[in-house]
Amino acid sequence: MQIDLSGRVVLVTGAGRGIGRTIAQSFRREGATVVGLDRDPEALAELREESLADLALNCDITDPVQVREAIAMVDEQFGRLDVLINNAGINAEGPLESFDPALWDQVFAVNVRGVLNTCQAAIPLMKRQGAGRIINAASFAAIIPSVDAAAYGASKAAVVQMTRVLASELGPWGITVNAYAPGMIPTAMNGFAELEDAAASTKLDQLSIRRWGLPEDVANLCLFLAGDLSGYITGALLDVSGGKFATQDPGAASRG
Ligand code: NAI
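Every chain's residues receive numbers from 1 upward, in the order its sequence appears when written. Selection of residues for local features in this predicted model requires a pLDDT of at least 70, selection of side-chain atom pairs for listing and counting requires 80 or more, and totals for whole chains, interfaces and linings are taken over all residues. Note that water and hydrogens are dropped before the side-chain values are worked out from all heavy atoms of the structure.

Draft legend 1. Representation of the overall build of the protein within the structure. Numbered from the N terminus, helices here are DSSP runs of H or I no shorter than four residues, and strands are runs of E no shorter than two. Scanning the protein from N- to C-terminus turns up eight helices and seven strands. In terms of principal-axis extent, the alpha carbons of the protein reach across some 55 × 40 × 40 Å. We call a residue buried when its accessible area falls under 20% of the maximum for its residue type, exposed when it is over 50%, and partly exposed in between, using a 1.4 Å probe and counting protein chains only. Expressed as a percentage of the 256 residues in the protein, the buried residues total 47%. By definition in these notes, contact holds between two residues if any of their heavy atoms fall within 4.5 Å. Considering only intrachain contacts with a sequence separation of at least 6, the fraction spanning at least 24 residues in the protein is 71%. Accessible area of the protein: about 12000 Å², with a carbon and sulfur share of 52%. Reported accessibility uses the Shrake-Rupley method at a 1.4 Å probe radius. Residues are deemed covered only where the shown protein chains occlude them.

Draft legend 2. Up close: the side chain of Asp 38. On the secondary structure map, Asp 38 appears in strand E2 (residues 33-38). This count recognises Lys and Arg as positive and Asp and Glu as negative, with His and chain-terminal groups excluded. In the sections that follow, a salt bridge refers to a side-chain nitrogen of Lys or Arg positioned within 4 Å of a carboxyl oxygen of Asp or Glu. Within the buried core, Asp 38 has no salt-bridge partner, and the shortest N-O distance to an opposite charge, that of Arg 39, equals 5.8 Å. A polar contact is formed between the side chain of Asp 38 and the backbone nitrogen of Asp 40, at a distance of 3.0 Å. Setting aside residues no more than four positions away along its own chain, Asp 38 makes contact with Gly 14, Ala 15, Gly 16, Arg 17, Leu 44, Leu 57, Asn 58 and Cys 59. For this analysis, a polar contact is any N or O atom pair within 3.5 Å, provided that within protein one partner can donate a hydrogen and the other can accept it, and provided that sequence-adjacent residues contribute only side-chain to side-chain pairs.

Draft legend 3. Highlighting helix H5 (residues 150-170). One less than the number of residues in a helix, times 1.5 Å, gives the span that helix is expected to have. For H5, built from 21 residues, the straight-helix expectation of 30 Å at 1.5 Å per residue is met to within 8% by its first-to-last C-alpha distance of 30 Å. Turning to H5, its buried residues are Ala 151, Tyr 152, Gly 153, Ser 155, Lys 156, Val 159, Val 160, Met 162, Thr 163, Leu 166, Ala 167 and Leu 170. Buried residues along H5 sit against helix H4 (101-129), strand E5 (132-137), strand E6 (175-182) and strand E7 (237-240).

Draft legend 4. Structural context of the site of the ligand. Throughout, the term near means that a residue has one or more heavy atoms lying within 4 Å of the molecule or strand in question. Looking at the ligand, there are 29 residues lining it, with Arg 17, Asp 38, Asn 87, Tyr 152 and Thr 187 nearest. In the model, an oxygen atom of the ligand is placed 2.6 Å from a nitrogen or oxygen of the Asp 38 side chain. Asn 190 is positioned with one of its side-chain polar atoms (N or O) 3.3 Å from a nitrogen atom of the ligand. Coverage of the ligand by the protein chains reaches 97% of its 830 Å² of free accessible surface. Only protein atoms enter the calculation, which uses a 1 Å grid: trapped sets of points that fit a 1.4 Å probe without letting it out are cavities, open sets showing protein on both sides within 12 Å along at least five of seven lines are pockets, and any residue with an atom within 4 Å of a point is a lining residue. In this scheme, a molecule is assigned to a cavity or pocket if more than half of its atoms are within 2 Å of the grid points. More than half of the atoms belonging to the ligand lie within 2 Å of the grid points that define the largest pocket. When residues are sorted by character, Ala, Val, Leu, Ile, Met, Phe, Trp, Tyr, Cys and Pro go into the nonpolar class, Asp, Glu, Lys and Arg into the charged class, and all the rest, Gly among them, into the polar class. Residues that form the shell around the ligand fall into these classes: 14 nonpolar, nine polar and six charged.

Here it is, written out as C-alpha cells:
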C-alpha cells in the first residue's frame, strides 16, 4: 500500500477505460471505496466483472440530471463523497476555419460542462463533511495547444481556470481543487500506440523522460492529491507529462 485511502469514497468519471480505469483500480488497491461513472455500458460491465469499482454507474456527465442522480445514489449507499476525479474527456481535431460548431459544443459539453455538472452535484456533500478533494483532468494542451486542436485545448484551459476559481471558492470548507496535465499516454483517445517508429521518435523528442506516459503515472498523482500528504496544495496545475517541452528541445539530450 502506497497511500492509505481506507474508508474514503472516491468517484471517478470515465472509469470505463483508459486512464480512468487505471485510476479506479489504483484507488481500490489503496483501500478506497470506488464509484465509477461512464456512458459506455460495455466498459462498465467489464469494470464490474473485474471488480475494479464498488459501484459502476451508467451516466453521461453532460446531463446534469443523470449526474445528480448518480451522486444521490453515492450519498444513499455510502453517506459521503471524499474525492471527485473528473477524468472523463473527449478530443476532436480539425482546423478552426472549418471546425463543425456542433462538434465544438460536444467537446465543451463533456470537457467543461461535464466538470461543472459533477462539481455542482458533489460540492454540497463535501461542504456537509467540511472536507473533500476535487481532481480535474486538464491536459498539456491547456499549457501549449496544438494545431488542429483548438476545441480540446480551449476546453482544457477552461478546466484549469475553473480549478483555480473553485479552489478559492471552496477553500473555506476544507475542500481542495487541483488539476493535472498529462502529456502523451497511448489510449483509445489518441493514435500514439499506432505511430510508425520515426513518427513516434519525433513525438518522444518532446519529452525529457523519453517514454510514453502510463495511466499509472496519472493514477499515482491522483492518489497523492487525494491523500493526507497533499492537504496544503490547492488551485494547482500539476504537470505529469515526463517534462514535455521542459526545454525548447528535450530530444537534444538523447541525440548527443
Ligand atoms: P479515453 O477516451 O481512453 O477514455 C475516456 C473515458 O471517458 C471513456 O471510458 C469514455 O466512455 C468516458 N466518457 C467520455 N465522455 C463521457 C461522458 N459524456 N460521460 C461519461 N463518460 C464519458 O481517454 P483517456 O486517454 O483515458 O483520457 C482520460 C482523460 O485524460 C481525458 O480527460 C483526457 O482529455 C485527459 N488526457 C489524456 C491524455 C492522453 O495522452 N491520453 C493527455 C492529456 C489529457
